[in-house]
Every structure is written in structure tokens, then in C-alpha cells.
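Overview (structure and organization)
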Amino acid sequence: RVDIINQGVTQWWNTTASMPQIRGYSNNPLGVHRDWQYFLQASTRSVDEKTDEELVTNRALFLIDAYGIKFIENSLANYTQEITENPNFIVNKDIDFLVGTTRLLKNLAWYQLSGDITSPIVSPTTSPAVLFIGNDRGYEYFIRSIAMTNLNSRFLIPIKGPRSIKDINDKELQNFPALVLYQYIGKDYEKLAKYVKGGGNLYIETNTNQPLFEGKLPEIFPADSLTAHQSADSDQVQKTENDITSDIDIQNFSKFTFEGGPWKLATTKNIRSWASAYLLYNDQPVIAGGNLGAGTVIWSGLNLPFHIIDNNNLEEAQFFKNILSQLVNSQYRAPDFKVEREKPELIKVKANSISGIYFKENYDPGWNAQVNGKKAKIYRAGLEFMYIPTANLEGVINTSIIYRGSLITWGLVTLTLVATILTLFYIIVPEVSKQLFNKFKSILQKVLGKKINTIISEEE
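Now for a quick tour of the structure.

Rules of the game
- Residues numbered from 1 in each chain as written.
- Predicted model: local features only at pLDDT ≥ 70, side-chain atom pairs only at ≥ 80, totals over all residues.
- Heavy atoms only, no water.
- Pairing = 2+ DSSP bridges.
- Helix = DSSP H or I, 4+ residues; strand = E, 2+ residues; numbered from the N terminus.
- Axes fitted to C-alpha atoms, helices over the stretch in contact; angles between N-to-C directions.
- Buried < 20%, exposed > 50% of the residue type's maximum accessible area, 1.4 Å probe, protein only.
- Arc of directions from axis to C-beta.
- Salt bridge = Lys/Arg side-chain N within 4 Å of Asp/Glu carboxyl O.
- Patch = residues over 30% accessible without salt bridge, like charges linked within 9 Å, V, L, I, M, F, W, Y side chains within 5 Å.
- Areas by Shrake-Rupley, 256 points an atom, 1.4 Å probe, with all protein chains shown as cover.
- Polar contact = N/O pair within 3.5 Å; in protein donor to acceptor, adjacent residues only side chain to side chain.
- Contact = heavy atoms within 4.5 Å.
- Lys, Arg positive; Asp, Glu negative; His and termini not counted.
- Charge placed at Lys NZ, Arg CZ, Asp CG, Glu CD.
- Phe/Tyr/Trp six-rings, centres within 6.5 Å; stacked < 30°, edge-to-face > 60°.
- Right-handed = clockwise from strand over helix to strand, strands pointing away.

Notes on the sheet that holds strand β21 (residues 346–352)
Read across the sheet, five strands follow the order β20-β21-β27-β23-β24 without closing on themselves; strand pairing throughout is antiparallel. Among the strands making up the open sheet, the edge pair consists of β20 (336–343) and β24 (374–376). The average undirected angle you get between the axes of adjacent strands in this sheet is 25°. Relative to strand β27 (residues 396–403), β21 runs antiparallel, the two sharing seven bridges. If you follow I347 over to β27, its bridge partner there is I401.

Quick look at helix α2 (residues 37–44)
The complete set of buried residues in α2 reads Q37, F39, L40, S43 and T44. Considered in projection along α2, the buried side chains sweep an arc of 160° and stay on one side of the axis.

Examining the pattern of salt bridges
Counted under the stated rule, the structure contains 14 salt bridges. Ionic pairing is found between E219 and K197, a salt bridge with its closest N-O pair at 2.5 Å. Of this pair, E219 sits in the loop between β11 (201–205) and β12 (223–230) while K197 is found in helix α7 (residues 189–197), placing the two residues 22 residues apart along the sequence. Residue E219 is classed as partly exposed on the basis of its relative accessible area, which comes to 42%. Here R272 and D224 are joined by a salt bridge, their closest N and O atoms 3.1 Å apart. In this pair, R272 is assigned in the loop between β16 (264–271) and β17 (275–281) and D224 in strand β12, connecting sequence segments 48 residues apart.

Details of a nonpolar patch on the surface
A contiguous nonpolar patch, built from L424, Y426, I427 and I428 and spanning about 460 Å² of accessible area, is present on the exposed surface. Locating Y426 in the fold gives a position in helix α10 (residues 407–428). On the accessibility criterion, Y426 (45% relative accessible area) is partly exposed.

A closer look at α7
Listed in full, the buried residues belonging to α7 are Y189, K191, L192, A193, Y195 and V196. A positive backbone phi angle near 120° is found at G199, which sits one or two residues after α7.

Description of the side chain of H307
Note that H307 resides in helix α8 (residues 304–311). Within the structure, H307 has its side chain in polar contact with the backbone oxygen of K255 (distance 3.0 Å). The contact partners of H307, leaving out residues within four places of it in the chain, are S254, K255, F256, W263 and E316.

Focus: a negative patch on the surface
Together, D52, E53, E54 and E85 line one region of the surface with negative charge. Along the chain, the position of D52 falls in the loop between α2 and α3 (53–67).

Description of the packing of aromatic side chains
To describe a pair of aromatic rings, you give the distance between the ring centres and the angle between the ring planes. For the structure on display, the rule yields 17 aromatic pairs. With a centroid separation of 5.5 Å and 70° between ring planes, the pair formed by Y203 and F320 is classed as edge-to-face. Here F320 lies in helix α9 (residues 314–327) and Y203 lies in strand β11, a separation of 117 residues in the sequence. By relative accessible area, which is 0% here, Y203 ends up buried. Considering the side-chain rings of F253 and F319, the 6.0 Å spacing of their centres and the 50° angle between planes classify their relative orientation as tilted. Highlighted residues: F253 in the loop between β13 (237–239) and β14 (257–258) and F319 in helix α9, separated in sequence by 66 residues. For the pair shown, F253 and F319 are each scored as buried.

A few points about the sheet that holds strand β25 (residues 379–381)
Sheet architecture is open: twelve strands sit in the order β7-β22-β26-β25-β9-β8-β10-β11-β19-β18-β17-β13, paired in mixed fashion. Among the strands making up the open sheet, the edge pair consists of β7 (122–125) and β13. The average angle at which neighbouring strand axes cross in this sheet is 25°, direction not considered. Alignment of β17 against strand β18 (residues 284–292), held across six bridges, turns out to be antiparallel. From the neighbouring strand, A275 faces β18, where its bridge partner is G290. Against the sheet, α9 touches β10 (178–181), β11, β17, β18 and β19 (295–300), its axis set at about 145° to β11.

Structural notes on the pairing of strand β9 (residues 157–160)
The side chains of a regular strand alternate between the sheet's two faces. The alternating pattern of β9 places I157 and I159 and P158 and K160 on opposite faces, both of which are buried. Examined bridge by bridge, strand β8 (residues 129–133) and β9 share four bridges and lie parallel to one another. Of the residues in β9, the one forming a bridge with L131 is I159. Crossover handedness for the path β8 to helix α5 (residues 136–147) to β9: right-handed. Where β9 meets β25, two bridges bridge the pair, whose relative direction is antiparallel.

Section: unusual backbone geometry
In the Ramachandran plot, N282 falls in the positive-phi region, its phi being about 50° despite a non-glycine side chain. Relative to the helices and strands, N282 resides in the loop between β17 and β18. Despite not being glycine, E384 shows a phi value in the positive range, around 65°. Considering the arrangement of structural elements, one finds E384 in the loop between β25 and β26 (385–389).

Now the structure itself:
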């Protein structure tokens, strides 16, 4: 895509150019996705000067990859200096840009970005897909946390799953090597234990913003019980010696307070034999985990993603990155694939040994997918885009992604056509229209009158 913020260009770009842009569209009237464009703008062109330079660059690179940006137009609201001076960022400056077959807009500031920092709109991938289970707000905190360390689509594909554990089945779980549970509901922990013991990996966040367990914790937790706390300024968080905290300076963590008041958290007691503590709060484990069966569990009672975002803390984001690195294999390998898109509503993908197809267009229920001739589920992914998992398939994988429309979209089209026909009929033959309308009105009044009288009689 091309990222243009010049309104004099965005308004007509889509009618002239074959390359899609980030902006210049109408928000989806069905309310099926959220709009992350402001996050892109605030992270690239309107950055707070007080923000850490490394954090600024990481977040911008994450969003460039997320949106599939290959070109930027930099004439009005420029990309921030921390980004454009990054030696790995810009490949060519002031390029001659093609719009259709005519060279236009040479006086604008065009930049071409390196292919090493972005990926296509239709991206067959070998990256692991991480399923998020929780509410919309929790997913937003998760995305913003991984953006701060540029955990882009070469590291993992974030999948937006259901809010409740019970709404995902055992077969679906096999598509995802790791789960993140945050601000979730449901108590089907036996399902999670089975998943982890079979080789799955799990990050689970519980704190006093959720109802805590009474009595002994289920098997999936690394300890027997939880204790609720409200932190004070003098309270301390300490790290233990382990791979997750080895490169982390705990002194750079922000205070565990919220708007001048205490921070709610939970600690554990009686760590189980398969687990160990990673962080301590007043000498009690507040983040712990280990290997359960063939998989890994990491539990937190710190409400870590929200603390990262609330304080814009890069050191804490790096710690969260280390946690996720324990759960997913991030050794990216560029796959061998071919993508054909002769028309907008039909995409054909042929690939070898991929984990899935990341489709960076807004999620819409009208899209359908077939993998090797069988119907496949399309998940919401990334910034409300789409993902088709293929992790359990071997050999050559043929995928078709087809837009057929949904019941709602076809219903709206039908309603529009009927209204148009009735309007034209009324304009052309108004007298006949009035007669038909009066007859319909009379019938409707009789039918409704009978129903009303029946209801009154029954009540009496």
C-alpha cells in the first residue's frame, strides 16, 4: 500500500491508481471491525517528542508491516525524524511514482521502503499464530504491547479469538501453537491443561480486576492459590535469575500505581514442582511458569499489558517480549508461494509448508476460504484483518479466498433495490401507487386491529 496523508491526493487516488492506499475510504457501516488508522498516524507522523526513540521506531515499523506499506508520501505531515533517520528504513527518496500509466505528482515527497521491514497484503507465512482469548480492550492492550518491541508478522500473527474459553474447541486449538488469555471469562481449564500437555503454550493473566479463585487452583496454574493485593509506592518487584529476566533491568520498570492510587495485583503461594517464579512482589511470586507435559505455561497476576501501555514503558514491553519468546518459535523462514488476484473478490494462493495466510484487509463476514478444496474458517487477526490457518497440512497448499457477501450486505442491497423500484413506480404512475398504498394500508389496519383485540380479550 501507499501511505498518503495529503487530503488533496487521498480524495481522488482510488479512482486513478491501482495501488491501494491506507486512507481515503468510508468506515464500515456494519461495525464488524475497529479502525486502527489513528494508531498508525499517532505512531508515525504525530509522535510525542518525549517518547523514547527506540520505542518510536519499533512501533512505527510494526505498523508499517501490519498495514503492508511499501511507499509513503511525506510532503505535509512528515514521518517523524527518529524513523526516517533509521539506516534500515529508507531505500529510495524522491522516486518517480506511477499513477496508472502516467507519471504524476513529481513535486511531492515520495519514499520507497525496504522490503525487509514490510510484507504484502496477502502474505502466506511461516510465523506462529497466537490466539488471544479475551475482550476487545484486552486485545487492544496486547497489540499495543507487542508493537512497542516490533513483534511484527515475521515473529507472530496475533489472532483475535472469543472472549470466553468455552467458545473455542479442542480441534481449533490445534491450529495455534500458543494462547494468550487476558481479560477473559470462562473456567474450562481442563481443556487448557489438555492443550498444554499436548504441546501447546499458554500465557494466562489473572489479577484482582477479575474474580479470583477460592480454594485450590486448577492444574493449569503454576501454584496452589492466589492472594489479592493493592500495591503501595514503597512496594518492590524483584526478578529471579532465569532466561526471561536475564537482560531486563527491573529498576527501569514504572511504579505499580494507577492515577496516584494503588495497583491491583495477585500473587501465588506454594509453587508447584513443575514451575518456578520469574518475578516477585514483596517476596511472593507474581509471575511464574514452567513446562507442563509437552507444553509451557506462564502465569501473571500483575496485569502486565495494561501496566506497559499505561506507562509507555519499553523495558516492561521487552520483558513481555521475552515471555512470548518462550512460548513461540520465532525463527522466521520466507515461504515459497504464488499469489494471483485477477479481480478484487478472488484470490488464489499456492504455497509450500506454510502455517497460514495473513490477509491484510478489513475483516468482513462476506469473505470465504477454501484450503485444498475444503471450507476453512477465517479468523480476525492483527489490526482487525484476516487469517486462514494451514498449520496442520503438508505439501503443496492451494487456497482460494472469495468474497460472496454476507446476509447483512445482500439484505442491504435488496432493500435498496426494492426502495428504488417503489420510488420509480410512484413517480411514473402516482395514481396507481396511491390506490395500491391505500389498499395495503387498509389490509394492514384490519390485521393489526384483530391482533390488538385478541390481546386485549386475553388480558381481560
